[in-house]
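# Analysis of the macromolecular model
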Amino acid sequence: MTAPGSRVRLRPRGGADVFDLALLGRTATVERVEEDMEGGLHLVVAVDDDPGRGLGARNQLGHRFFVGPDEVEPLADGEPSRTVLVAGIGNVFHGDDGFGVEVVRRLERRPLPKGVDVTDFGIRGIDLMYALGDGYETVVLVDAAERGHAPGTVSLIEPDAAGGLDFGGVAVDAHGLDPAKVLRLARDNGRAPSRILLVACEPSSRTTDATWEMELSAAVGAAVDEAVALIERLLGGELA
């Protein structure tokens, strides 16, 4: 049984409630264990990055949430909270636009430092926006992007946060998910990582909604391992 004072990661089962979505993956501290009239046990938790957690003292009104014992994942002593999110973006049905998805698939098969999550978001912008609020310090977006370079060229870009999270005019929206818009929405809600990076690959040709091709071009396919190596170096630097 998780005891008061334990550190946990929240895994609400429902998924349909707005609070389930907001709490999913967040780290928290168990403040007490309570029993209802039917004998069911509930954990009262304070979420780490909740700005209202200090509104009330123990047993008084404040930002506290009730979860079931089976809705938490215990954190080992000294285990880091989520530090880095590597997010693959793209549509695997649109040729080179599937670059980001293929990169994260390769990374998922490799050993990663604790505190790093690697996720294929595809074209799911809302899911990415919620994930950006899970307490990560850094997000690394991986995507195909037109920069006017030779096909297969891998670039590392850091957007200007003061300039509205602009990626310097880089076209990264061939699949209908504009990372800059998603990041601005997350930041407007006060829940965006402090550092944002884009690992981009120049596609061989422009893709549109009419493009139906599930294979990467030779140039972009050859760039996947280069991007994987670049991201592994970034992860080593961010967690050093």
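Refer to the structure printed above.
Below or above, wherever it landed, is the structure these notes cover. Given the structure is predicted, the values throughout are model-derived calculations rather than measurements. (Residues numbered from 1 in each chain as written. Predicted model: local features only at pLDDT ≥ 70, side-chain atom pairs only at ≥ 80, totals over all residues. Heavy atoms only, no water.)

### Considering the pairing of strand β1 (residues 7-10)
Across three bridges, the pairing between β1 and strand β2 (residues 27-35) is antiparallel. Paired with Arg7 across the strands is Thr29, a residue of β2. Note that β1 and strand β5 (residues 72-74) share three bridges and pair antiparallel. Directly across from Leu10, in β5, lies its bridge partner Val72. (Pairing = 2+ DSSP bridges. Helix = DSSP H or I, 4+ residues; strand = E, 2+ residues; numbered from the N terminus.)

### Let's talk about the nonpolar core
Core analysis: the largest hydrophobic core is formed by 24 residues, its most contacted members being Val86, Phe99, Val103, Val140, Val199 and Ile231. The set of elements that each furnish at least two residues to this core consists of β6 (84-89), α2 (99-108), β7 (116-122), β8 (138-144), β10 (195-201) and α5 (218-239). Excluding residues that lie within four positions of it along the chain, Phe99 makes contacts with Val142, Asp143, Ala144, Val199, Cys201, Leu216, Val220, Ala223, Val224 and Ala227. One finds Leu85, Phe121, Leu132 and Tyr136 within the second-largest nonpolar core, a separate group that totals 15 residues. (Core = buried A, V, L, I, M, F, W, Y, C linked by side-chain atoms within 4.5 Å. Buried < 20%, exposed > 50% of the residue type's maximum accessible area, 1.4 Å probe, protein only. Contact = heavy atoms within 4.5 Å.)

### Examining the sheet that holds β6
The strand order β7-β6-β8-β10-β9 describes an open sheet built from five strands, whose pairing is mixed. Lying at the two open borders of the sheet, with one neighbouring strand each, are β7 and β9 (154-157). The average undirected angle you get between the axes of adjacent strands in this sheet is 20 degrees. Sheet topology places β9 next to β10; four bridges connect them, and they run antiparallel. (Axes fitted to C-alpha atoms, helices over the stretch in contact; angles between N-to-C directions.)

### Looking at the sheet that holds strand β3 (residues 41-47)
With antiparallel pairing, five strands are arranged side by side in an open sheet as β4-β3-β2-β1-β5. With one partner strand each, in any of the chains shown, β4 (65-67) and β5 form the two edges of the open sheet. Adjacent strand axes in the sheet meet at a mean angle of 50 degrees, parallel and antiparallel pairs treated alike. When β3 meets β4, the two strands line up antiparallel, connected through three bridges. Residue pairing across strands places Val45 opposite Phe65, the latter belonging to β4.

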